[in-house]
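Structural characterization, general
Residue strings, one per chain:
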Amino acid sequence: MPDLSDVVGGIADAMAREQHRGDVATYIPELAKVDPGQFGIAVATLDDGVHVAGDAEVPFSIQSVSKVFTLTLALGAVGDALWRRVGREPSGNAFNSIVQLEYEQGVPRNPFINAGALVVTDVVLAGHQPREAIGSILRFIRWLADDESIAIDETVARSEAGTAYRNMALAAYMKSFGNLAHPVEMTLGVYVHQCAIAMTCRQLATAGRFLADGGGRLSTGHRVVSPERARRINALMLTCGHYDGSGDFAFRVGLPGKSGVGGGILAIVPGRASVAVWSPGLNQHGNSLLGTLALERLAKAMGWSVFGP
């Protein structure tokens, strides 16, 4: 087995030499300002070690990677009743598409496209004021990462809120079908703030480690979710975590993963490790170009695909 630290360092060196780095997200003005020359990687293993390289200590906007954590919270709140309001199938459409909602009467295809994530956020919001719901999401992520310094980037949140017309339309459309319990503005406000959480690769890899450990949290021995729920979240990440690029990611990398337009990807190696990569330049599907390439190389070097070495 290759030395993991050497592999991680070699991947960071290779990514630094890449010329084609993709394009940063421009529809959120603050994300358009991020330097595309950055790349970070962190691998948190089940022996409590963390191997980092590149810009792994630079905070970035996790955006849709946050959907993994809100899904975990929503399932904890309502269990399998969630699946009456959101599906579990790949979408085949862009992450912010409204097309399928019309055909499927306001029930989004899965919890990782924007429409589905808005429903999940609506569940987390139940019984709380928006500020309380935002606080509960942030506290949960801080607890998983064992790091109280994790915070919301308010500049990104304001920037995103000022341009969230498509998400507002998705929420209003689902509201018209009765699939949103709260006012559109409240649910959207919580959603925008969860997406604006800033984390480093080290923090993100540590926070995701419970999904590699069958739902457990190493540092305290507490169980976050049952092994069955961890498997199901991982399954959704594999089939739906990269929007209409999910099939290609599974083909190339072979790991459950969730991407965000901030350039981050959280990937899970069940029974072994949690991996976070970050590079702001995106491919045509809105997923990190170098992040995907780095994960492909890591999985190949370590024999980590869930489909076999």
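Structural data are supplied above this passage.
Residues numbered from 1 in each chain as written. Predicted model: local features only at pLDDT ≥ 70, side-chain atom pairs only at ≥ 80, totals over all residues. Heavy atoms only, no water.

Section: the side chain of Ser 259
One can find Ser 259 in strand E6 (residues 257-259). Only 2.6 Å separates the side chain of Ser 259 from the side chain of Asn 287, close enough to count as a polar contact. Setting aside anything within four residues of it in sequence, one finds Ser 259 in contact with Ser 64, Val 65, Gly 241, His 242, Tyr 243, Gly 264, Ile 265 and Asn 287. (Helix = DSSP H or I, 4+ residues; strand = E, 2+ residues; numbered from the N terminus. Polar contact = N/O pair within 3.5 Å; in protein donor to acceptor, adjacent residues only side chain to side chain. Contact = heavy atoms within 4.5 Å.)

Some words on the sheet that holds strand E2 (residues 50-54)
On the basis of which strands lie adjacent, the open sheet formed by 5 strands has the order E2-E1-E8-E7-E6 and antiparallel pairing. Looking along the sheet, the strands with just one partner apiece sit at the ends: E2 and E6. Put simply, the sheet's adjacent strands are angled 10° from each other on average, direction ignored. With 6 bridges joining them, strand E7 (residues 264-269) and strand E8 (residues 273-278) adopt antiparallel strand pairing. Within the sheet, the bridge partner assigned to Gly 264 lies in E8 and is Trp 278. (Pairing = 2+ DSSP bridges. Axes fitted to C-alpha atoms, helices over the stretch in contact; angles between N-to-C directions.)

Considerations on the environment of Glu 154
Looking at the element boundaries, Glu 154 is found in helix H6 (residues 154-161). Overall, Glu 154 belongs to the partly exposed group, its relative accessible area being 38%. Once the C-alpha coordinates of Glu 154 and Gly 257 are considered, the two residues, 103 residues apart in sequence, prove to be 26 Å apart. (Buried < 20%, exposed > 50% of the residue type's maximum accessible area, 1.4 Å probe, protein only.)

Quick look at the layout of surface pockets
For the largest pocket, the calculated volume is near 220 Å³. Lining the largest pocket we find 17 residues, and of these Leu 31, Val 34, Phe 60, Ser 61 and Val 156 sit closest to its centre. For the lining of the largest pocket, the elements supplying multiple residues, two or more each, are strand E3 (60-61) and H6. Here the lining of the largest pocket is built from residues that sort into 11 nonpolar, 4 polar and 2 charged. A domain split of the lining of the largest pocket shows at least three residues from each of domain 1 (4-58 + 200-302) and domain 2 (64-197). (1 Å grid on protein atoms, 1.4 Å probe; cavity = no way out; pocket = protein on both sides within 12 Å on 5 of 7 lines; lining within 4 Å. Points joined across faces, edges and corners; volume = space filled by probe spheres on them. Nonpolar A, V, L, I, M, F, W, Y, C, P; charged D, E, K, R; others polar. Domains from an automatic or database assignment.)

Quick look at the environment of Glu 160
Among the secondary structure elements, Glu 160 is positioned in helix H6. Separated by 74 residues in sequence, Glu 160 and Asn 234 place their C-alpha atoms 28 Å apart. Every residue in contact with Glu 160, bar those within four places of it in the chain, is listed here: Ile 28, Gln 63, Val 192 and Cys 195.

Some words on the environment of Ile 233
Summarising the element assignment, Ile 233 is placed in helix H11 (residues 227-240). You can call Ile 233 buried: its relative accessible area is 0%. Residues Ile 233 and Gly 215, spaced 18 residues apart in sequence, show a C-alpha to C-alpha distance of 9.9 Å. Setting aside residues up to four positions removed in sequence, Ile 233 forms contacts with Val 68, Leu 71, Thr 72, Leu 75 and Leu 211.

Quick look at the nonpolar core
Burial of nonpolar side chains together is a common tendency in soluble globular proteins. Judged by nonpolar contacts, the single largest core of 68 residues is most densely connected at Phe 69, Leu 71, Leu 82 and Ile 197. Looking at which domains feed residues into this core, each of domain 1 (4-58 + 200-302) and domain 2 (64-197) gives three or more. Ignoring any residue separated from it by four or fewer positions in sequence, one finds Leu 71 in contact with Leu 82, Trp 83, Pro 111, Phe 112, Val 120, Ile 233 and Leu 236. In terms of nonpolar packing, the next biggest core, distinct from the first, is built from 28 residues, Ala 12, Val 43, Leu 255 and Ala 273 among them. (Core = buried A, V, L, I, M, F, W, Y, C linked by side-chain atoms within 4.5 Å.)

Describing the packing of helix H2 (residues 66-78) against H11
As a packed pair, H2 and H11 sit with axes 11 Å apart at the nearest point and diverge in direction by 140°. Classified by the angle between their axes, H2 and H11 sit oblique to one another. Considering how the two elements wind past one another, H2 and H11 form a crossing that is right-handed. Along the contact surface, H2 presents Val 68, Leu 71, Thr 72, Leu 75 and Gly 76, while H11 presents Arg 229, Ile 233, Leu 236 and Met 237. Across the contact of H2 with H11, the residue classes break down as 6 nonpolar, 2 polar and 1 charged. (Parallel < 35°, antiparallel > 145°, perpendicular 65-115°, else oblique. Left-handed = near helix turned anticlockwise from the far one by under 90°.)

Re a nonpolar patch on the surface
Judged by side-chain polarity, Ile 98, Val 99 and Tyr 103 come together as a nonpolar surface patch covering roughly 330 Å² of accessible area. Mapped onto the elements, Val 99 comes out in helix H3 (residues 99-103). Its relative accessible area of 46% is what places Val 99 among the partly exposed residues. (Patch = residues over 30% accessible without salt bridge, like charges linked within 9 Å, V, L, I, M, F, W, Y side chains within 5 Å. Areas by Shrake-Rupley, 256 points an atom, 1.4 Å probe, with all protein chains shown as cover. Salt bridge = Lys/Arg side-chain N within 4 Å of Asp/Glu carboxyl O.)

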